[in-house]
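Topology and contacts: notes
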Amino acid sequence: MAAALEAVRQQIQVTLIEKQEIGGTCLNRGCIPSKFFLSKAKRYAETAALPTKTDRISFAPSMVVLQQRKNSILTTLRQRMEQSFRGPLAKRIIGRAQLTSPNSVDVELADGKKETLTADVLLLATGTIPFKPAIFPNHPAIFDSTSLLELDHIPSHLVVIGAGYIGCELACAFQGLGSKVTLIEKENRLLPTQDEMALAAPVLQVSMEKRGMTVWLETQVEAVQSLDDCRVKLRCSNGQTIETDATLLAMGRRPDSAELFLDRAGVSLQNGRLQVNERMQTAVPTLYAVGDLVSPLPLAHVAAREAEVAVASMCGEPRAIDYTQIPRCVYTWPEVAAVGLTEAQAGAAGFTPRVDRYHFAASAKAMIEEEAEGFWLLISDRPTRKILGGQIVGPHATELIHLLSLSLKAGFRIDDVLESVLAHPSLSEGFQEVARRASITK
């Protein structure tokens, strides 16, 4: 969708082919629904944790009501997208597309009819679909992230298998809504595929367990047994068995490319991705690709920027994307966000990195909000004092990270941060506090 809107802005005639609703996975089945439930769950959990019963609102969250509110938001956002994608240059088709050449596709429409389209260039943005290991049968109590977000009830016991960002976020959401949650991960830490999250993982795990969540690391599900239409039993490698009325499979996603027939256009997946250059162009000049199908960072805002780069390239404007300057955010409790280079990456790039921290436990605003878990981490170049990257674990980390993002884009040094004035009390002050530590010779 981002590419189609950018093409219209650039006065390019564009046809958008989608299998389902406008907005794709992010709007309809991913980012927006999951963050809706996280937001509502956190409010409910905070109310339930008030110190005296008279302060508490006596109610249980209703998934039926929450689903109605969520669907209302999605409808509004879809309508706004549809309004933006109008005009003589824009055409939208609901159907399934198959490549027939580097310049053409066959589209199977909803009524079963087929339409053949040709174009000067084609852009693929099919994203990914959830991965389901063969050990797990089709069962009403086994969900992927899409079907879990459509539930009309709150499970009594949710087992989440896979502790990547999707698994961790949904574990937090449903635990906040009242489910007992068990999180199972085969690796030795949470968020195992994200190297920059290694320092955040222990903080997140402690927080989860403090709220009553069970976390099993270095554990795999070895067998699945159906007990009835509503429950399954899981036998795990740690010797434990669990009976649950909801199991979320969050063990990764794979490219949604099986129906595309990539070979007809002269391309194929390599190591699970379609290979593109810095302009998002494949080895076939008329074929571009963006998003999870190609990206090292499977995030919606990454795909949107890749789409802008691709359309600019089609117009002859040389643009590229710097993945190190894109924030990587996990909307758990506490939130986790990172941007820029890690210490190891900075060293490999020829810098002399130093790492400094400032803990939210020392923040007056964090104490006021009673969310003092976590820290600011700042990576700078020792001789030049240039900011190279950083990480935030704690309250509103996914918002605060943009202070670091803009600093990287502007080429700020430690002194630039110290010479600015930030409001007190605020969580943003942590940026200046960690910069102050980075200014001390050691």
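To start, this report covers the structure provided alongside it. (Residues numbered from 1 in each chain as written. Predicted model: local features only at pLDDT ≥ 70, side-chain atom pairs only at ≥ 80, totals over all residues. Heavy atoms only, no water.)

Moving on, we come to the overall build of the protein. A tally of helices and strands in the protein yields 13 helices and 23 strands. Taking 442 residues into account, the globule formula puts the C-alpha radius of gyration at 22 Å, and the protein, at 23 Å, falls close to it. Seen along its three principal axes, the alpha-carbon backbone of the protein occupies a region of about 65 × 65 × 40 Å. Here the protein holds 442 residues, and 44% of them are scored as buried. Here the contacts in the protein between residues at least 6 apart in sequence split such that 62% fall between residues at least 24 apart. (Helix = DSSP H or I, 4+ residues; strand = E, 2+ residues; numbered from the N terminus. Rg over C-alpha atoms; globule rule 2.2 N^0.38 Å. Buried < 20%, exposed > 50% of the residue type's maximum accessible area, 1.4 Å probe, protein only. Contact = heavy atoms within 4.5 Å.)

Considering all chains together, one arrives at 3 aromatic pairs under this definition. Centroid distance Phe 36 to Phe 37: 5.3 Å. Interplanar angle 80°. Geometry classified as edge-to-face. Note on Phe 37: relative accessible area 0%, which makes it buried. Pairing Phe 360 with Trp 376 gives two aromatic rings, centres 6.5 Å apart and planes at 40°, and the pair type is tilted. Remark: Trp 376 occurs in strand β22 (residues 375-381) and Phe 360 occurs in the loop between β21 (353-359) and α10 (364-368); sequence separation between them is 16 residues. Of the two residues, Phe 360 and Trp 376, both sit in the buried class. (Phe/Tyr/Trp six-rings, centres within 6.5 Å; stacked < 30°, edge-to-face > 60°.)

As a further point, take the environment of Lys 40. If you trace the backbone, Lys 40 turns up in helix α3 (residues 31-48). For Lys 40, a relative accessible area of 22% gives the class partly exposed.

Here we come to the packing of α3 against helix α6 (residues 165-177). Packing of α3 against α6 leaves a shortest axis separation of 8 Å and a crossing angle of 40°. Considering the angle they form, α3 stands oblique to α6. In terms of crossing hand, the pair formed by α3 and α6 is left-handed. Contacts between α3 and α6 involve Ser 34, Lys 35, Phe 37, Leu 38, Ala 41, Tyr 44 and Ala 45 from the former and Glu 169, Leu 170, Cys 172, Ala 173, Gly 176 and Leu 177 from the latter. Considering only residue class, the contact of α3 with α6 consists of 9 nonpolar, 2 polar and 2 charged. (Axes fitted to C-alpha atoms, helices over the stretch in contact; angles between N-to-C directions. Parallel < 35°, antiparallel > 145°, perpendicular 65-115°, else oblique. Left-handed = near helix turned anticlockwise from the far one by under 90°. Nonpolar A, V, L, I, M, F, W, Y, C, P; charged D, E, K, R; others polar.)

Attention now moves to empty space enclosed by the protein. It is the rolling of a water-molecule-sized probe over the atoms that shows where space remains empty. The final tally for this structure, using the stated rule, is 1 cavity of 30 Å³ or more. Estimated volume of the largest cavity: approximately 60 Å³. Lining the largest cavity, in full, are Lys 42, Thr 332, Trp 333, Pro 334, Glu 335, Glu 371, Gly 394, Pro 395 and His 396. Each residue belonging to the lining of the largest cavity can be placed in one class, and the counts come to 3 nonpolar, 3 polar and 3 charged. (1 Å grid on protein atoms, 1.4 Å probe; cavity = no way out; pocket = protein on both sides within 12 Å on 5 of 7 lines; lining within 4 Å. Points joined across faces, edges and corners; volume = space filled by probe spheres on them.)

To continue, consider the layout of surface pockets. Here the second largest pocket is characterised by a volume of approximately 1,200 Å³. Forming the boundary of the second largest pocket are 49 residues, of which Gly 164, Tyr 165, Thr 193, Gly 252 and Arg 253 lie nearest the centre. Looking at the lining of the second largest pocket, its residues break down into 23 nonpolar, 16 polar and 10 charged.

Attention now goes to helix α11 (residues 397-410). Taking 1.5 Å of rise per residue, 14 residues should cover 20 Å, and α11 covers 20 Å from first to last C-alpha, within 8% of that figure. Taken residue by residue, α11 has Ala 397, Thr 398, Leu 400, Ile 401, Leu 404, Ser 405, Ser 407 and Leu 408 as its buried positions. For α11, the secondary structure elements touched by its buried residues are β19 (328-330), β20 (335-340), β22, β23 (387-394) and α13 (429-438). (Expected span 1.5 Å × (residues − 1).)

Turning to the sheet that holds strand β2 (residues 90-101), a few remarks are in order. On the basis of which strands lie adjacent, the open sheet formed by 4 strands has the order β1-β2-β3-β4 and mixed pairing. At either end of the open sheet lies a strand with only one pairing partner, and these are β1 (14-18) and β4 (114-118). The sheet shows a mean angle of 55° between the axes of neighbouring strands, taken without regard to direction. Sheet topology places β1 next to β2; 5 bridges connect them, and they run parallel. The residue bridging Val 14 from the neighbouring strand is Ala 90, located in β2. (Pairing = 2+ DSSP bridges.)

With that settled, consider unusual backbone geometry. Following Trp 333, the chain continues into Pro 334 via a peptide bond in cis, with omega recorded as -5°. Mapped onto the elements, Pro 334 comes out in the loop between β19 and β20. Cis geometry marks the peptide bond from His 424 to Pro 425; its omega dihedral reads -5°. The residue Gln 11 is not glycine, and still its phi comes out positive at about 65°. Structurally, Gln 11 is set in the loop between α1 (2-9) and β1. Here the phi dihedral of Phe 261 falls at roughly 55°; this positive angle occurs in a residue that is not glycine. Looking at the secondary structure, you find Phe 261 in the loop between β15 (253-255) and β16 (269-270).

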